[in-house]
Amino acid sequence: MTFAIIAGARPNFIKAVPLYRALRAYPGVRVELIHTGQHPDAHMSSDLALELGLSAPWITLPGQESSPLRETARVLQQLEPVLQGLSPDWVIVIGDVNSTLAGALAARQLGLRLAHVEAGLRSGDRTMPEETN
């Protein structure tokens, strides 16, 4: 069984750790971490992932966009061939950022099973992309 975990921001990597470890503990289970590049700064993403014990290599989508809409579109477009190539049994999206929205939409459009992991408080501030998503 193959799981694709999609994360793009620091809080998402932190939330992904227990799930990643639990899934990898099962024999015959393949877990692929997809870093959307939403936070391209190494300290905010890949360095943090390594510190948390998420083993490399993982799939990293290139680029970063200036607006939330363009960022969502970039991730959505780049995820399509990645998910088609992996053909995961489950796609797991973490959090509430633009990467999460794009990952969920890509999975559903490709007919893949989708799970969403979220933890945290809502601010109610509809000007924040996370609240919109």
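Read on for a plain summary of the structure.

**What about the environment of Asn133?**
Right, so step 1: For Asn133, the position within the fold is in the segment after α5 (129-132).
Right, so step 2: Given a relative accessible area of 34%, Asn133 falls into the partly exposed group.
Right, so step 3: Once the C-alpha coordinates of Asn133 and Gly95 are considered, the two residues, 38 residues apart in sequence, prove to be 9.7 Å apart.
Right, so step 4: Excluding residues that lie within four positions of it along the chain, Asn133 makes contacts with Asp96, Val97, Asn98 and Leu101.

**Quick look at the nonpolar core**
Right, so step 1: One finds Ile6, Ile34, Leu61, Leu79, Leu83 and Val91 to be the most contacted residues of the largest nonpolar core, which totals 16 residues.
Right, so step 2: Secondary-structure elements contributing two or more residues to this core are β1 (2-7), α3 (68-86), β4 (90-94) and α4 (98-109).
Right, so step 3: Among the elements that make up this core, the one with the highest residue count is α3 (five residues).
Right, so step 4: For Leu83, the residues in contact, after removing those within four places along its chain, are Ala4, Ile34, Pro88, Val91, Ala106, Ala107, Leu110 and Leu112.
Right, so step 5: Core analysis: the second largest hydrophobic core is formed by 15 residues, Phe13, Val17, Leu23 and Trp58 among them.

**So, the pairing of strand β5 (residues 113-117)**
Two faces belong to every sheet, and in a regular strand the side chains alternate between them.
Right, so step 1: Note: β4 against β5, five bridges, orientation parallel. If you follow Trp90 over to β5, its bridge partner there is Arg113.
Right, so step 2: In this region the chain leaves β4, passes through α4 and returns to the parallel neighbour β5; the handedness of that crossover is right-handed.

Here is what the cut-offs are and how they apply
- Residues numbered from 1 in each chain as written.
- Predicted model: local features only at pLDDT ≥ 70, side-chain atom pairs only at ≥ 80, totals over all residues.
- Heavy atoms only, no water.
- Helix = DSSP H or I, 4+ residues; strand = E, 2+ residues; numbered from the N terminus.
- Buried < 20%, exposed > 50% of the residue type's maximum accessible area, 1.4 Å probe, protein only.
- Contact = heavy atoms within 4.5 Å.
- Core = buried A, V, L, I, M, F, W, Y, C linked by side-chain atoms within 4.5 Å.
- Pairing = 2+ DSSP bridges.
- Right-handed = clockwise from strand over helix to strand, strands pointing away.

All we've got here are geometric facts, nothing functional implied.
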